[in-house]
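Structural characterization, general
Chain by chain, the residues:
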Amino acid sequence: MQIQIEREALLKPVGVVASVVERRQTLPILAYVLIKALDGKISFTGTDLEVEVLATVAGVVDKPGEVTVPARKLFEICRALPMGALVTLSRQADKVILKSGKSRFSLSTLSSVGFPTVEAGQFEQALTVDQVLFKNLIERTAFCMAQQDVRYYLNGLYIEADGVELRAVATDGHRMAVSKCASGATAKPLQIIIPRKGIQEIGRLLTSDSVAIRLQIGSNHTRIETDDITLTSKLIDGKFPDYTKVVPNNQSKLIQLDKQSFRDALTRAAILANEKYRGVRLSLESGSLRISAHNPEQEEAVEEIEINYNGDSMDIGFNVTYLLDATNAITSSELMLGLNDPNSSCTLRSPDDPHTQYIVMPMRL
C-alpha cells in the first residue's frame, strides 16, 4: 500500500479515529488504526470494541491495500508536521514509512487480518434529526450521566422519540437532566441507552452545521452517519427508570436569579465547603437568598443574593457541584430556581427554554 495526502486532509480523520482508541488496551491491535486505500479513497477505522469510527477522505492511491498504524503516534506526527505538507504513507516489509519533506518516520504495524470490527447487524429503525439540535441535546444533558455505577443503565444517555419529539435524559441518581427537541418521524416509539463513551464520541463528531443527520438503531447498536464519518456504538441493554416520576409537576417557590451572580456566589462558597460532601445550604428568606458552607475546620462562607421573593423562609442543602454544573449548562443570563420544601428536589431551568430542566436532590447538612 502507498498513498499521498495533504497534511490537513489527513489530520481530521486521523484525529477523529484516534480519539476512540484507548491509551491502555487489553488487545495490542486496539491501539492501531486500520487504513484502507482503493480507487482514490482512503478510509481510517478505529475501535475500542464498544465504539467504532470509520472516516473516509479523498487522496492519491499509488498502491491499493490496507495496513495498521499506531493511532496516537500517527495523529501526533501529523499534528506536528507543517501546514500544507504533503504526506506519503507506504508499507515496507514489517514497517509503515511516513515521509513528508525531509522528515521520515518508521512505524510498527500489525496484521490487518486480525483487526476487530463491530458486528452491528441489521438496523430496524432510523431517525432524522437536525445536527445542531442533537448536539445541543447532548451538551445539555450528558454531564449528568453516572460513571461506573453498578446500575449499569445509568452509565449512558437515555434517548426516546415518539415521531414528534426527541428527548434525552441523564441521571446518576442524585441529579437529572431532561431536554427535548423536534425530530423526524419514526416507524414506532424509540427508546435506547447510548453508553458514555458513545455519547462522548458522538458529541465530538457533531458540528454546528444545521444539517440533518441519520440515526440508525438496531437491537444492540446505533449508528450515526455524516458525509465522511460513520460512528457505530453499542447500546446498553437495560430498562431506564421512569424519569417522569422525578420531575416535579408544581413547585410552590419559583425564584428568578441572575445566572452570573448565582454562579459566582456558589463558586466562592464552594471554597470552604466540605471537600468530601461538597454541601452548601440555601436559605430562602423574604427578599434574599443566602448561600452558606461549612467544613470540619470550623470555617464558614456566606453569600447573599437579593431576590424578588415574599414567601415563607426555608433552608435546604445541596451538593454545590451539582448546582454549578446545572447553572453552567444554562445558556441564558437568567435562571429559574424552583423549590417546594426541604425534603424535595429543586429544579433549575432557563426562563427562555421550557424544553430543558435540571433536577437536583437535596442533601442533609
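Below or above, wherever it landed, is the structure these notes cover. Predicted, not measured: the structure shown is a model, and the values here were computed from it.

With that settled, consider the pattern of salt bridges. By the definition in use, this model includes 17 salt bridges. One salt bridge in this structure joins E165 and R167, with 2.8 Å as the shortest N-O distance. Owing to a relative accessible area of 25%, E165 belongs among the partly exposed residues under this scheme. E285 is the partner of R290 in a salt bridge, and the nearest nitrogen-oxygen pair spans 3.2 Å. One continuous salt-bridge network, built from bridges that share partners, spans E160, D162, E165, R167 and K180.

So, about helix α2 (residues 71-80). In an α-helix, one full turn covers 3.6 residues, which means residues spaced three or four apart are oriented alike. Every buried residue of α2 is accounted for by A71, L74, F75, I77 and C78. Looking down the long axis of α2, one finds its buried residues gathered within 165° of arc, a one-sided arrangement. Exposed side chains of α2 directed beyond 90 degrees from the buried face belong to K73 and A80. Contacts made by the buried residues of α2 are with α1 (7-18), β2 (32-38), β6 (65-70), β8 (95-100) and β9 (103-108).

Here we come to the sheet that holds β9. With antiparallel pairing, the 5 strands of this open sheet are ordered in space as β5-β1-β7-β8-β9. Of all the strands in the sheet, the pair left with one neighbour each is β5 (60-63) and β9. Adjacent strand axes in the sheet meet at a mean angle of 20° when their direction is disregarded. Helix-sheet contacts for α1 involve β1 (2-6) and β7 (86-92), and the interaxial angle to β1 is about 100°.

Before going further, it helps to spend a moment on the nonpolar core. Residues I35, F134, L337 and L348 are the most contacted members of the largest nonpolar core, which totals 96 residues. Here this core takes 6 residues from helix α6 (residues 320-329), the largest share from any one element. Ranked by size, the runner-up nonpolar core spans 12 residues in total, among them L154, M176, I193 and I236.

Take helix α3 (residues 131-141) next. Taken as a whole, α3 has its buried residues at Q131, F134, K135, L137, I138 and T141. Axial view of α3: buried residues confined to an arc of 155°, hence all on one face. Sitting at the head of α3, D130 places a side-chain oxygen 2.9 Å from the backbone nitrogen of V132.

The rules behind each value
Residues numbered from 1 in each chain as written. Predicted model: local features only at pLDDT ≥ 70, side-chain atom pairs only at ≥ 80, totals over all residues. Heavy atoms only, no water. Salt bridge = Lys/Arg side-chain N within 4 Å of Asp/Glu carboxyl O. Buried < 20%, exposed > 50% of the residue type's maximum accessible area, 1.4 Å probe, protein only. Helix = DSSP H or I, 4+ residues; strand = E, 2+ residues; numbered from the N terminus. Arc of directions from axis to C-beta. Contact = heavy atoms within 4.5 Å. Pairing = 2+ DSSP bridges. Axes fitted to C-alpha atoms, helices over the stretch in contact; angles between N-to-C directions. Core = buried A, V, L, I, M, F, W, Y, C linked by side-chain atoms within 4.5 Å. Polar contact = N/O pair within 3.5 Å; in protein donor to acceptor, adjacent residues only side chain to side chain.

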